[in-house]
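# Coordinates in review
Okay, here's what each chain looks like letter by letter:
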Amino acid sequence: MNDRILDQESYAQSTPAKAAHDDGIDLDDLLPKIGEFGLYQKCLLWLVCLPACLPCGFCAFNQLFMTDTPDHWCRVPQLSNFSLEERKMMSIPKKAEDNSTYESCVRYSVNWTEIMEFNRSIHINESWPLEPCLDGYEYDRSEVISSVVIDFDLVCDYDVYPTLGLVALNVGGPVGVYSFGILNDRIGRKKSFFACLSTLLLGSIMTAYAHEYWFWVVARIIVGLTIPAVYQIPFIISLELAGPNYRSFVTVMTCIFYTLGLILLSGVTYVLRDWRSLALATSVPFFFYYLYWFVLPESPRWLLMKERLEEANNILKTIARVNGKHLPEEFTTKLQKQVLEQKEHGVKETKNANAFSLCKTPNMRLKTILITLNWCASEMVYVGLSYYGPAIGSNQYMSFFLSSAVEIPSYIVCWILMDKVGRRWPLCLSMVISGIFCMVTVLLPNDAETETLILYLISKCFISASFLIIYPYAGELYPTELRGVGIGTSAYIGGLGLIIIPFINYLGTNNLVLPLVLMGALSVVGGLTALRLPETLHTSLPQTAEEGEEIGKDWTYKDCWSCGGPRQVESEGDSYENLDQLELAQAPIIEDEVSELRPARRSSMRKLVRQASILETQRDHDGSLKMTYWF
């Protein structure tokens, strides 16, 4: 990582407050004193927050395997005494374009009772009239033993119904994130998580015991309400308890564990072929998460915002004790004073913060449109390719496993490149390359399954990288006073875009590569428009709307070819090496402890510590993080 990468956001947001309140203490000042990423935070991350990623991935993608569509054909009750192959040969016409396969949705319109009564031997006449499947369907259960499609006969005229079920899941997502986001701020992170978990388990159990299609759809909407909120809430808690220098590490590890959950899901779906058992197996084990009630702490930031100072102080004391540190009692008084001041000033700051504020000036309006377009394209293509994974290749379980596994190296490489090359070009190239590999599949012959799978996996790898970039990049482009509403607006529109993704994938029923071409084109367009955005590497984050308007205002076509950003010469007080002294200068009561900070940072952790906290973008005026729609 770069030698002097400053925790730009944390510093930028805390500096104005400190300038106005010289005796105020922010939790970002306190955490280095009680442990930025000590034993307490590590146990919380590895034993609580990272396992909490599993329910989101499990319940977001298990539906792909619930709705497997096997080979099927019309049922003819009069021929039930014949073997399977004899029934198909006598009653089902063959496809005109492929004489070796049978039609799925029509049969010969003849009176089989009369034919068998007067004819000892039956001669098939291909000129017989045809009719739809009036007596239901038969299914090939050699591979797909059980599915929603089989139980509810969702084929032929109803073959779009599984797609509508996936749409229902995605409709619930934005609604749930908004609702649980409000709940998150009103009753706290801890109670919101368990409310979200309870909703998820309720919807999953309803899914498993659904005996009508529309009841199953309602169950999927309920499950969708919790995705990805059930994953975001513990993620927010871990971010708010980790020090500024470790929040990017926490974020990347959360992404990796989310992907590990998808990899585990591919194994579970391979073992369990009954869709009801799958629904239970991917939800019932999470009842054990209720045990987290005894170990999951409430966010101290939220408690401070609600002026529940005694509870916040107890949690901070626990963190300090587990980390082998000491929490000076003088902090309680200072924190109480700061909460009251922040609450008073915060009301004035947030009155005019709304989506329309992003469009008042031309440059800010253009950047908002481009950010939203990139977010929408990146999210739609990522989720669309994830949904499409099982349809690629000869083995849907292996295809889904590979499509998930390729995400992990992309996260790690992307994390490194973002602070060496910048944000704009990695975002552009990852989306464009992903789109190109998607569209190249149209040049392959129809039977090139392996080649199509390889191109698909390369595309999935690159689009995963872009999805990791767009969140911090957007946070650095939006000014501080509009950052929360800006990211929320872009992410919400991106979430709404997921509603049409199942319909795009539905086109693959007749043409396997058509959805890949459409998603590839969307990815290329989004990636190219990213070049119009200004680079943010090594630049100070804009604080006000006026500063946000100036960023990139003098953009020219030559800027498209610039890679990285100009390294700013920071003042003594602004450099990373002096950040601790800068922060602690506002709290003279603990000056005698400054010397303890540097030895605590081992040389082996230097690169990790210096990674900028670029992911901590959506903060309220009180310093607490806000939820947003983010897979």
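The model shown is predicted, which means the values in this text are computed figures rather than measured ones. (Residues numbered from 1 in each chain as written. Predicted model: local features only at pLDDT ≥ 70, side-chain atom pairs only at ≥ 80, totals over all residues. Heavy atoms only, no water.)

Attention now goes to the overall build of the protein chain. Looking only at helices and strands, the protein chain has 29 helices and 4 strands in total. The buried share of the protein chain, reckoned over its 631 residues, is 57%. Sequence-distant contacts, at least 24 apart, represent 82% of the contacts inside the protein chain between residues at least 6 apart. Summed over all atoms, the accessible surface of the protein chain reaches about 26600 Å², with 60% contributed by carbon and sulfur. (Helix = DSSP H or I, 4+ residues; strand = E, 2+ residues; numbered from the N terminus. Buried < 20%, exposed > 50% of the residue type's maximum accessible area, 1.4 Å probe, protein only. Contact = heavy atoms within 4.5 Å. Areas by Shrake-Rupley, 256 points an atom, 1.4 Å probe, with all protein chains shown as cover.)

A word on a nonpolar patch on the surface. A cluster of nonpolar side chains, namely Val175, Tyr178, Ile182, Tyr492 and Leu496, defines an oily patch on the protein surface of about 440 Å² accessible area. Elements supplying a minimum of two residues to the nonpolar patch: helix 9 (161–186) and helix 23 (480–497). Per-element accounting of the nonpolar patch gives the leading share, 3 residues, to helix 9. Among the structural elements, Tyr178 can be located in helix 9. (Patch = residues over 30% accessible without salt bridge, like charges linked within 9 Å, V, L, I, M, F, W, Y side chains within 5 Å. Salt bridge = Lys/Arg side-chain N within 4 Å of Asp/Glu carboxyl O.)

Here we take up the pattern of salt bridges. In the structure shown here, the tally under the stated rule is 9 salt bridges. With a shortest N-O distance of 2.8 Å, Glu311 and Arg308 are connected by a salt bridge. Residue Glu311 is classed as partly exposed on the basis of its relative accessible area of 37%. Residue Arg308 is classed as partly exposed on the basis of its relative accessible area, which comes to 32%. Counted as one network, the salt bridges with shared partners bring together Arg107, Glu131 and Asp135.

Side chains of a nonpolar character, in soluble globular proteins, are inclined to be buried together. Phe61, Phe193 and Trp216 are the most contacted members of the largest nonpolar core, which totals 148 residues. Dropping the residues within four chain positions of it, Phe61 is found in contact with Tyr258, Leu262, Leu265, Ser386, Tyr387 and Phe400. (Core = buried A, V, L, I, M, F, W, Y, C linked by side-chain atoms within 4.5 Å.)

Before going further, it helps to examine the packing of helix 21 (residues 424–440) against helix 25 (residues 514–529). Viewed as axis vectors pointing N to C, helix 21 and helix 25 meet at an angle of 155 degrees, and their least axial separation amounts to 7 Å. Here helix 25 runs roughly antiparallel to helix 21, going by the angle between their axes. Viewed along their axes, helix 21 and helix 25 form a crossing whose handedness is left-handed. Judged by residue contacts, Cys428, Met431, Val432, Ser434, Gly435, Ile436, Cys438 and Met439 of helix 21 engage Leu516, Val517, Gly520, Ala521, Ser523, Val524, Gly526, Gly527 and Leu528 from helix 25. The residue inventory of the contact of helix 21 with helix 25, partitioned by class, reads 11 nonpolar, 6 polar and no charged. (Axes fitted to C-alpha atoms, helices over the stretch in contact; angles between N-to-C directions. Parallel < 35°, antiparallel > 145°, perpendicular 65-115°, else oblique. Left-handed = near helix turned anticlockwise from the far one by under 90°. Nonpolar A, V, L, I, M, F, W, Y, C, P; charged D, E, K, R; others polar.)

With that settled, the discussion passes to the packing of aromatic side chains. If you walk through the whole model with that rule in mind, you get 28 aromatic pairs. A ring pair is formed by Tyr231 and Tyr258, whose centres lie 5.7 Å apart and whose planes are at 40 degrees; its orientation type is tilted. A residue pair is termed long-range when its members are at least 10 positions apart, and Tyr231 in helix 12 (residues 229–241) and Tyr258 in helix 13 (residues 247–271) qualify at 27 residues. Ring centres of Phe286 and Tyr289 lie 5.2 Å apart, and the angle between their planes is 55 degrees; on these two criteria the pair is classed as tilted. Among the aromatic residues, those joined into a cluster by ring pairs are Phe61, Phe65, Tyr270, Tyr387, Tyr397 and Phe400. Its guanidinium or amino end placed over the ring of Tyr270, Arg273 lies 5.0 Å from that ring's centre, counting from NZ or CZ. (Phe/Tyr/Trp six-rings, centres within 6.5 Å; stacked < 30°, edge-to-face > 60°. Lys NZ or Arg CZ within 6 Å of the ring centre and 35° of its normal.)

What follows covers the side chain of Arg87. Following the sequence through the fold, Arg87 ends up in helix 6 (residues 84–91). Residue class for Arg87 comes out buried when judged on its relative accessible area of 14%. Contact partners of Arg87, with chain neighbours within four places excluded, come to Leu79, Ser80, Phe82, Ile92 and Glu138.

This paragraph deals with the confidence of the model for the protein chain. Here the protein chain shows a mean pLDDT of 79. Residues at 70 or above account for 81%. Overall, residues 1–24 carries pLDDT values under 50, and its contacts beyond four positions in sequence, including any with other chains, amount to 71 contacts. Taken as a whole, residues 568–617 scores under 50 in pLDDT and shows 105 contacts with residues more than four places along the chain or in a different chain. (pLDDT = per-residue confidence, 0-100.)

Turning to the packing of helix 18 (residues 362–388) against helix 21, a few remarks are in order. Contact geometry for helix 18 and helix 21: axes closest at 12 Å, N-to-C directions at 45 degrees. In terms of orientation, helix 18 and helix 21 fall into the oblique class. In this structure, the crossing between helix 18 and helix 21 has a hand that is left-handed. Here Asn374, Ala377, Ser378 and Leu385 of helix 18 come into contact with helix 21, specifically with Leu427, Met431, Ser434 and Cys438. Grouping the amino acids of the contact of helix 18 with helix 21 by side-chain chemistry returns 5 nonpolar, 3 polar and no charged.

Bringing helix 21 into the picture now. In a regular helix each residue adds 1.5 Å, so 17 residues correspond to 24 Å; helix 21 covers 24 Å between its end C-alpha atoms and thus fits that length. Listed in full, the buried residues belonging to helix 21 are Arg424, Trp425, Pro426, Leu427, Cys428, Ser430, Met431, Val432, Ser434, Gly435 and Cys438. Those residues of helix 21 hidden inside the fold are in contact with helix 18, helix 22 (449–477) and helix 25. (Expected span 1.5 Å × (residues − 1).)

What follows is about the state of the cysteines. Inspection of every chain in the model, using the stated rule, returns 2 disulfides. Between the sulfur of Cys105 and that of Cys156 lies a disulfide, 2.0 Å long from S to S. Looking along the S-S bond of the Cys105-Cys156 disulfide, the torsion reads about -95 degrees, which is the left-handed sense. Of this pair, Cys105 sits in the loop between helix 6 and strand 2 (106–108) while Cys156 is found in the loop between helix 8 (148–152) and helix 9, placing the two residues 51 residues apart along the sequence. (Disulfide = S-S within 2.5 Å.)

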